[in-house]
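Remarks on the overall topology
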Amino acid sequence: KAQIDPMEYLSLYDLLTPEELEVRKAVEAFVAKEVTPKINDYVEAAQFPTEIVNAVKPLKLFHHFLNKPYGHGTSYTKQGIILMEAARADAGFATFIAVQNLLLNYTLEKFGSEAQKQKYLTKTRDIEYIGGWGLTEKGYGSDASSLTSNVKKVQGGYILNGDKRWIGNGNKDVLIVWARNLDTNKVEGFIVETKWPGYHAEVIQGKLALRIVQNCQITFTNIFIPDENKLESVTDFQNGPNQVLMHSRVIVPWIALGVMRGVYEHSLKWTTTRKQFGKYLASFQLQQERLVRILSTFQASFLMVLRLSRLAAEGKATIGMISSVKAWVTDKTREVARLGREMLGGDGIISDNYVIKALTDAEVLYTYEGTYDINSLVAGREITGIGAFK
Ligand code: FAD
């Protein structure tokens, strides 16, 4: 029986550079050997996959997310390809990579001093430290720029108080904290070590999506941050966390592509091997229509996300373009995941069969990095010139 690769089918590989193709192949091979066979034990236990993350270290994979001299040199598409391949096995694993690289390491690279890069970025890049990026608070999700975690200047540093919610890797080694300076009322950025007195993180329990990601509720109680841990080049919310989100939102839809491709692969394999009524499921017209819909949705989304990544590399992607692609592609991922789950029948709810994970994980892709609504309204503001949400 034919097993069409959705990338080969429209010659989508031809749109990638030799370096992107090479990195994709290497990550695909790593994921097949180290991630796919092991990840679901961690998914079921909702545990951080330490063994798998340790296996990533020798690959120097995170060097691909940084420019020289700290990394190999990077591009939006190369970063996206890595996340897409990771998400074919597990969107939670891809999200772990995204948090550490698109949020934490990118912030250090963009806003950090040389001393901060030497001290922290060299370690977070080599996974000696694991860390997170704290913007969202209990009272401020979509309305993140109104955040109330705050710092007060004191001799030699700052005193930090407040809370953060949903922070991936918030219980590991370091955290970028976005907090309001009480003297200027501006949002500023700080590198906080989780071992400092006054830092308390609790993993949020009962989370039925992105199971391996350790999302935390964090409280800061009179934490002393030395002056050298302030990100001096951050000036406010716009020239701070918003710049990071403009960057990560271009790349996050690649995780959604990986989920769509994973759903396609699992549902194609299932329907071409399981028989009912004496025939393979794939021989029924209803199933074929679903497979083609998944295939085409993946391909259309791929073209959109790749185009956005190339435009962003040329500095031509606007905030509205970035938001509309993120919103549309993650919405389509929900549809694809639902179709795939239907096609596997009862076995579609077993984690090893991927599609149920895709269904729940798609809910987070649709929600984090700005919800579907907020991203739609950002794009809506750009195309109409009328702001509808703030
Ligand atoms: P709310 O803002 O309360 O929104 C609830 C609903 O109301 C949504 O449907 C929303 O679209 C809608 N809504 C809100 N305002 C409007 C409006 N003006 N018009 C129309 N509709 C509106 N944050 C971090 O800082 N770091 C992380 O590492 C991180 N990781 C995450 C991981 C997971 C698993 C999740 C679930 C979230 C994570 N987040 C993280 C937070 C994430 O970015 C927020 O959940 C998201 O921005 C939405 O905020 P909220 O959950 O408070 O929802």
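Heads up: the structure comes first, above all this text.
Below or above, wherever it landed, is the structure these notes cover. Predicted model, so just to flag it, every value in this text is computed and none were measured.

Conventions used here
Residues numbered from 1 in each chain as written. Predicted model: local features only at pLDDT ≥ 70, side-chain atom pairs only at ≥ 80, totals over all residues. Heavy atoms only, no water. Patch = residues over 30% accessible without salt bridge, like charges linked within 9 Å, V, L, I, M, F, W, Y side chains within 5 Å. Areas by Shrake-Rupley, 256 points an atom, 1.4 Å probe, with all protein chains shown as cover. Salt bridge = Lys/Arg side-chain N within 4 Å of Asp/Glu carboxyl O. Helix = DSSP H or I, 4+ residues; strand = E, 2+ residues; numbered from the N terminus. Buried < 20%, exposed > 50% of the residue type's maximum accessible area, 1.4 Å probe, protein only. Near = heavy atom within 4 Å. Polar contact = N/O pair within 3.5 Å; in protein donor to acceptor, adjacent residues only side chain to side chain. Nonpolar A, V, L, I, M, F, W, Y, C, P; charged D, E, K, R; others polar.

**Thoughts on a nonpolar patch on the surface**
- A contiguous nonpolar patch, built from Leu10, Leu15 and Leu303 and spanning about 250 Å² of accessible area, is present on the exposed surface.
- Checked against the element boundaries, leucine 15 lands in the loop between α1 (6-9) and α2 (18-35).
- You can call leucine 15 partly exposed: its relative accessible area is 38%.

**Digging into unusual backbone geometry**
- Lysine 68 connects to proline 69 through a cis peptide bond whose omega is 10°.
- Secondary-structure assignment places proline 69 in the loop between α4 (50-56) and α5 (76-89).
- For isoleucine 127, which is not glycine, the phi torsion reads 60° and is therefore positive.
- For isoleucine 127, the location among the structural elements is in the loop between α7 (114-125) and β1 (131-134).
- For isoleucine 127, a relative accessible area of 5% corresponds to the buried category.
- Of note in the backbone geometry, phenylalanine 277 takes a positive phi value of approximately 55° without being a glycine.
- Within the secondary structure, phenylalanine 277 sits in the loop between β8 (275-276) and β9 (279-280).

**Examining the site of the ligand**
- Neighbouring residues of the ligand: 18 residues in total, closest Thr136, Ser142, Trp166, Thr371 and Asp373.
- At 2.9 Å from an oxygen atom of the ligand is found a main-chain nitrogen or oxygen belonging to leucine 135.
- Compared with its free state, where it exposes 980 Å², the ligand has 66% of that area covered by protein.
- Looking at the shell around the ligand, the elements with two or more residues in it are β3 (157-168) and α13 (372-384).
- Split by residue class, the shell around the ligand holds nine nonpolar, seven polar and two charged.

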